[in-house]
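Residue-level listing of the chains:
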Amino acid sequence: MIIYDKKYDVIVVGGGHAGCEAALASARMGCSTLLLTMNLDAIAMMSCNPSVGGQAKGQIVREIDALGGEMGKNIDATGIQFRVLNTRKGPAVRSSRAQADKRHYRFRMKEVLEKQQNLDLKQGEVTGLWIENGQVYGIDTVAQVRYASKTVVLTTGTFMRGLIHIGLTHYSGGRAGDLPSIGLSDYLKNIGFQVGRLKTGTPARLDGRTIDFSKLEPQGGDNPPHPFSFSTKKLECEQVPCYIAYTNSKSHDIIRSNLDRSPLYSGIIEGIGPRYCPSIEDKVVRFPDKERHQTFIEPEGKHTTEYYPSGLSTSLPIDVQWAFYRSIKGLENVEIMRPAYAIEYDYVDPLELHGSLETKKIRSLYHAGQINGTSGYEEAAGQGLIAGINAALRVKGKGTLVLGRNEAYIGVMIDDLVTLGTKEPYRMFTSRAEYRLLLREDNADLRLRELGHKLGLVSEEEYKTFQEKRKSIEENLQKMETSKILPSEADPEFMDKFGLSDIQNSITFEHLLKRPDICINDLTALDPSFSSLSEEVKEQVEIQIKYKGYIDRQLDQVKRMEKMESVNIPVNFNYSAVSGLTAEVREKLEKFRPDTLGKAARIQGITPAAIAILSIIIKAKSNP
């Protein structure tokens, strides 16, 4: 074994979206960092849909940005279409989404990594870890080189024992065109980690020159486009359209008649697939009465003819893929540039982790991304950021960062994983967050910017801009509360327009703004100074006033939950010695090993009575 002559503070294994955020975070916090990946040309590769954001995922990207991560800035610089989803619904469920120029996205991210101080990039395959006395001290590669470090972050994506399926043919691969990681998965299993098997897939890539776009429904971006990053003042990109198409009865008949050639239905694929992003054959089988399924035909970039048919992933044989895709209106003569495929890969049970994403078995070893059973670039990047931060904090001897369920979607995601585990690819939804009105996309900076600055990830210039915004919001909220409209002095036209002509007493601007038919721009008729406020400040003032009652109610719920979250359960707590717990409760507590009483309460089957018993015993032990 060759020992490399430089010792690092943090080694990040893998150059996907989790690895990029982890490496940048630790390096920006002043730690000497090595990012080691199997292919330096595939850093930040968008293996599936070249897009960022979407339902709940947009919130995660904004949180990453608020904390000082890179994903939001990268998509702002490389996006080709931007849209805000659910604009007709309340602010709690609005989410941004952007189509990326796939090649430009990874090129820019690689450039950011290469220019980052304290960060080295190297190519190599990791096959094992250097572990002594239950703590990691580095990694070993297939080339028999050992790199030493104080902490290690594993972000292996779909590469561990990756197996690609196209029909009944299968071959090893981390994704199409890349080799898999073979040795690391077996190594982790041999040292005691619970390793499972998952599956995901991707559609074919279609040649845009052979698509009849005149038969498809075009869908443009928002005008003006809304950026992801709080640091991006304005997006200047030229937006390109996507197109809507639909499958039909002929499409479904082709799929049904070839299910015997599908590895998914012939028993060849062992891994569990994503419930919320099923293959088209899954959709056809599970929803037999549905006459058609929608797809978005999305460009892979400005300088390529490749298009991505969202929602049409499949592992059927290539000849069936030809027939299926060509059965869709507008795609009658389409040529497939890259076939669709399914991929199986290994992951490690996230119950093996603390909330910091440090493994319970091995100190200073962190897992982030699809190794934890998640799906999606955004979920991976959020975990990578937290793992990188905590690895750097461990090096500096400054404790850990664990975001609460009331602080961030990232906190909800990680808590779900480490508390409940997962048996299928985990995907974030707004419905997973019990405090989603507090975790809006628009207020991610108000929630997390201060923390990002304290960690050293948010620059002084960015932080100053944030402080000015926060001060303006506070001042105008106060102004709304104290400024009043006097009926005798009010603009008659304004009073008549909003049905206020009959009021006799003075009324505050805050009370006016609570009305559903009045927005802050309407109040410029009463106070022209509101017109000079930024759109971001106006949005915050309006949301915080209109939803104040609901927000206060959720804040009360948070206070009650925080009491349980603050009660830590000792690492080696002996549940078998606690009388009053049922055998089922003991078994689950032993399996999940929750860090806090709050986490224990969220485990399915753990009763309020059991929590009360644990609370009494833990309190007695802490106050003998």
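Refer to the preceding data block for the structure.
Residues numbered from 1 in each chain as written. Predicted model: local features only at pLDDT ≥ 70, side-chain atom pairs only at ≥ 80, totals over all residues. Heavy atoms only, no water.

Asks: Honestly, the packing of aromatic side chains in this entry has me stumped. Any pointers?
Replies: The description of two aromatic rings rests on the distance between their centres and on the angle between their planes. Applying the stated rule across the entire model yields eight aromatic pairs. Residues W130 and Y137 carry aromatic rings whose centres are separated by 6.1 Å and whose planes lie at 50° to one another, so their mutual orientation is tilted. W130 sits in the partly exposed class, given a relative accessible area of 23%. One aromatic cluster is present, formed by F213, Y243 and Y307 through successive ring pairs. (Phe/Tyr/Trp six-rings, centres within 6.5 Å; stacked < 30°, edge-to-face > 60°. Buried < 20%, exposed > 50% of the residue type's maximum accessible area, 1.4 Å probe, protein only.)

Asks: Looking at this model, I keep getting lost on unusual backbone geometry. Mind explaining?
Replies: Glycine aside, residues mostly have negative phi, and peptide bonds are mostly found in the trans state. A cis amide bond, omega 5°, links N223 with the succeeding residue P224. Residue placement: P224 occurs in the loop between β15 (217–219) and β16 (242–246). Look at R161: it is not a glycine, yet its phi comes out positive at around 50°. With respect to the helices and strands, R161 occurs in the loop between β10 (145–154) and β11 (163–166). (Helix = DSSP H or I, 4+ residues; strand = E, 2+ residues; numbered from the N terminus.)

Asks: I tried to follow the pattern of salt bridges on my own but got confused; where do I start?
Replies: Any two side chains of opposite charge can pair, given that their charged atoms come close. Here the structure, examined in full by the defined rule, presents 42 salt bridges. For E462, the salt bridge is made with K73, and the minimal N-O distance between the two is 2.7 Å. Linking E462 in helix α12 (residues 460–482) with K73 in helix α3 (residues 71–78), this pair joins segments that are 389 residues apart in sequence. Assessed through its relative accessible area of 25%, K73 is described here as partly exposed. Of the charged contacts, one joins R209 and D207 as a salt bridge, the two residues approaching to 2.8 Å between their closest N and O atoms. Overlapping salt bridges bring together R405, D415, D416, E434, E565, K599 and R602 as one network. (Salt bridge = Lys/Arg side-chain N within 4 Å of Asp/Glu carboxyl O.)

Asks: Even after reading the chapter, I still don't get the sheet that holds β11, so can you show me in this structure?
Replies: In a beta sheet, neighbouring strands are held together by backbone hydrogen bonds and run either parallel or antiparallel to one another. The strand order β12-β11-β20-β13 describes an open sheet built from four strands, whose pairing is antiparallel. Looking at the sheet topology across the chains shown, the edges are occupied by β12 (169–172) and β13 (195–202). The average angle at which neighbouring strand axes cross in this sheet is 25°, direction not considered. The pairing of β11 with strand β20 (residues 341–348) spans three bridges and is antiparallel. If you follow L163 over to β20, its bridge partner there is E344. (Pairing = 2+ DSSP bridges. Axes fitted to C-alpha atoms, helices over the stretch in contact; angles between N-to-C directions.)

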